[in-house]
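So the chains spell out like this:
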Amino acid sequence: MSPGLEVMTTVAAYRAACERLRAEGGSLAFVPTMGALHRGHLALVAEGRRRAANVAVSIFVNPTQFGPGEDFQKYPRPLERDLELCREAGVRLVFTPSPEEMYPRGERTRVHVSGLTDALCGPFRPGHFDGVATVVTKLFAATGAAVAVFGRKDYQQLQVVRRMAADLLLPIEIVGLPTVREADGLALSSRNVYLSPEERQRALAIPNGLSQALALHAAGERRAGALRHAVLELVEPAATRIDYVTVAEADELRPYADDARVGERALVALAAYVGTTRLIDNVVVSEDNSPIRTPP
Ligand code: PAF
């Protein structure tokens, strides 16, 4: 019989459970989430299971990474369903703390990763990456895992977490997994539930635009502006508002000017509203050979 799932709400109980699993001889992989789990999260868990004897998942809608007017209150929290999915996926520990547990009274510490947060989502979500880096640091400290698995849909977040772990000398390997998509190309996101059927259809302009950039790059186009405008051409008519479409260096996330030429590897990333839902997506040209449907 496979071992069951344990659910903990306090740091002390969770840390003790992680230590116990390690003492029993099993390595531990960690998958941080905000819940509302979907196939993308389950792919992260599956990767964790490939890399370690046990997997721990955190489910915590982290208040410090939401700005005023963002969707902190309405973010979906289907905890019972999430626990069932974790159980089915063979997760051993779920940590689902309260905000007070993660941010004890009087707390004053934030983790800030500079540079990597200057472009892309950074200017549009002030404080967001400090909130992410802070909570991930706390979760890593509580878990003590050897490996943590993140999705590449949140590409900037992944780079920020990698840098933070390296800079703080945290003994943890950060693994980034490719974005999981619906058959029509839409990237899986817990926020997709906000989309009406009509908005869901319009949102396909995003993977289609990125697909176009991949195709252009594969055909030899190296002008950053041409790649960027190929995405804009498809996304602009479908989006209610566009925060950015940016072509950037894939590691340092420095944006290319439109008249610059990109190398073999470059990030094409965007954030756009469809209705009131903010969607992000990205591809790394030459690395992501597209699962995205080519536009008709
Ligand atoms: O990607 C997410 O779900 C969150 O940003 C994370 C990494 C769990 C931190 O709250």
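Owing to the predicted nature of the structure, the values given are computational and were not obtained by experimental measurement. The residue count restarts for each chain, going from 1 along the sequence in the order it is written. Two thresholds apply to this predicted model, a pLDDT of at least 70 for residue-level local features and 80 or more for giving and counting side-chain atom pairs, whereas whole-chain, interface and lining totals are computed over all residues. To obtain the side-chain values, all non-hydrogen atoms of the structure were used and water was disregarded.

A. Examining the site of the ligand more closely. To be near a molecule or strand, a residue needs just one of its heavy atoms within 4 Å of it. Near the ligand you find Pro-32, Thr-33, Met-34, Asn-62, Gln-65, Val-135, Phe-150 and Gln-157, and these make up its full shell. Side-chain atoms alone can form a polar contact between residues adjacent in sequence; in general such a contact is a pair of N or O atoms within 3.5 Å, and within protein one must be able to donate a hydrogen while the other accepts it. In this structure, Gln-65 approaches the ligand through a side-chain N or O atom, which is 2.6 Å from an oxygen atom. Take Gln-157: an N or O atom from its side chain is 2.6 Å from an oxygen atom of the ligand. Note on areas: Shrake-Rupley, 1.4 Å probe, and residue coverage restricted to the protein chains presented here. For the ligand, whose unbound accessible area comes to 290 Å², protein coverage reaches 89%. Looking at the shell around the ligand, its residues break down into four nonpolar, four polar and no charged. Only Asp, Glu, Lys and Arg are considered charged in this grouping, and only Ala, Val, Leu, Ile, Met, Phe, Trp, Tyr, Cys and Pro are considered nonpolar; every other residue, Gly among them, is considered polar.

B. Quick look at the packing of aromatic side chains. Two rings from Phe, Tyr or Trp (for Trp, the six-membered ring) form a pair when their centres sit within 6.5 Å of each other. Planes less than 30 degrees apart are called stacked, planes more than 60 degrees apart edge-to-face, and all others tilted. Enumeration over the complete set of coordinates arrives at six aromatic pairs. Centroid distance Phe-30 to Phe-140: 6.2 Å. Interplanar angle 80 degrees. Geometry classified as edge-to-face. Here the residue Phe-30 occupies a position in strand β2 (residues 28–33), and Phe-140 occupies one in helix α5 (residues 128–143), the gap between them amounting to 110 residues. When a residue's accessible area, from a 1.4 Å probe over protein chains only, is under 20% of the maximum for its type it is buried; when over 50% it is exposed; and in between it is partly exposed. On the basis of relative accessible area, Phe-140 is assigned to the buried category, the value being 6%. Connected via pairs of aromatic rings, a cluster forms that spans Phe-30, Phe-140 and Phe-150. Look at NZ for Lys and CZ for Arg. If either is within 6 Å of the ring centre and within 35 degrees of the ring normal, a charge sits over the ring. Residue placement shows Lys-74 over the ring face of Tyr-194; its charged tip is 4.1 Å from the ring centre. Directly above the aromatic system of Phe-72 lies the positively charged group of Arg-77, at a separation of 5.0 Å from the ring centroid. The numbering of helices and of strands both runs from the N terminus, where a helix is a DSSP run of H or I of at least 4 residues and a strand a run of E of at least 2.

C. The arrangement of the pattern of salt bridges in detail. Salt bridge, as used here: a side-chain nitrogen of Lys or Arg that lies within 4 Å of a carboxyl oxygen of Asp or Glu. The tally for this structure, following the rule as stated, stands at 24 salt bridges. The closest approach of N and O atoms between Glu-287 and Arg-152, which form a salt bridge, is 3.2 Å. Taken as a pair, Glu-287 in the segment after β9 (277–285) and Arg-152 in the loop between β5 (147–151) and α6 (155–167) lie far apart in primary sequence, 135 residues in all. Residue Glu-287 is classed as partly exposed on the basis of its relative accessible area, which comes to 35%. One salt-bridge network, held together by shared partners, links Arg-152, Asp-251, Arg-265, Glu-287 and Asp-288.

D. Inspection of the packing of helix α1 (residues 11–23) against α5 at higher detail. Axis lines are fitted through C-alpha atoms, for helices just across the contact stretch, and the angle between N-to-C directions can take any value from 0 to 180 degrees. Axis separation between α1 and α5 bottoms out at 8 Å; the angle between their running directions is 50 degrees. Between α1 and α5, the angle is such that the two are oblique. In contact with Val-11, Tyr-14, Arg-15, Cys-18 and Arg-22 of α1, α5 contributes Ala-141, Ala-142 and Thr-143. When grouped by side-chain class, the residues that make up the contact of α1 with α5 number five nonpolar, one polar and two charged. The cut-offs work like this: below 35 degrees is roughly parallel, past 145 is roughly antiparallel, 65 to 115 is roughly perpendicular, and the gaps in between are oblique. A contact between two residues is defined here by any heavy atoms of the two lying within 4.5 Å.

E. Just the nonpolar core, in detail. Grouped together as the largest cluster of nonpolar side chains are 46 residues, with contacts concentrated most on Tyr-14, Phe-140 and Ile-174. Elements with a minimum of two residues in this core: α1, β2, β4 (93–95), α5, β5, α6 and β8 (266–274). Aside from chain neighbours lying at most four places away, what touches Ile-174 is Phe-140, Ala-148, Phe-150, Leu-158, Val-161, Arg-162 and Ala-165. Here, the term nonpolar core denotes a set of buried Ala, Val, Leu, Ile, Met, Phe, Trp, Tyr and Cys residues that are joined through side-chain atoms within 4.5 Å. Grouped together as the second largest cluster of nonpolar side chains are 25 residues, Ala-203, Leu-204, Ala-239 and Leu-279 included.

F. Region of interest: helix α9 (residues 224–238). A helix is expected to reach a length of 1.5 Å times the quantity of its residues less one. The terminal C-alpha atoms of α9, which comprises 15 residues, lie 22 Å apart, in line with the 21 Å expected from a rise of 1.5 Å per residue. The bend reported for a residue corresponds to the angle between axes fitted to the seven residues ending at that residue and the seven starting there. Within α9, the axis deviates most sharply at Leu-232, by approximately 30 degrees. Looking at α9, one finds that the buried residues are Ala-224, Gly-225, Leu-227, Ala-230, Val-231, Leu-232, Val-235 and Ala-238. Those residues of α9 hidden inside the fold are in contact with α7 (197–202), α8 (205–218), β7 (241–248) and β8.

G. View of the environment of Pro-76. Summarising the element assignment, Pro-76 is placed in the loop between β3 (54–59) and α3 (79–88). Considered as a pair, Pro-76 and Val-193 are 117 residues apart in the sequence and their alpha carbons are 8.6 Å apart. When neighbours within four sequence positions are excluded, Pro-76 is seen to be in contact with Met-34, Ala-36, Ser-190, Val-193 and Tyr-194.

H. The packing of α8 against α9, seen in detail. Remark: α8 packs on α9, axes separated minimally by 8 Å, with the N-to-C direction vectors making an angle of 160 degrees. In terms of their interaxial angle, α8 and α9 are classed as roughly antiparallel. The chirality of how α8 crosses α9 is right-handed. Between α8 and α9, the residues in contact are Ala-205, Ile-206, Asn-208, Gly-209, Leu-210, Gln-212, Ala-213, Leu-216 and His-217 and Ala-226, Leu-227, Ala-230, Val-231, Leu-234, Val-235 and Ala-238, respectively. Taken together, the residues that form the contact of α8 with α9 break down as 12 nonpolar, four polar and no charged. Crossings are classed by handedness, with left-handed meaning an anticlockwise turn of the near helix from the far one by less than a right angle and right-handed meaning a clockwise turn.

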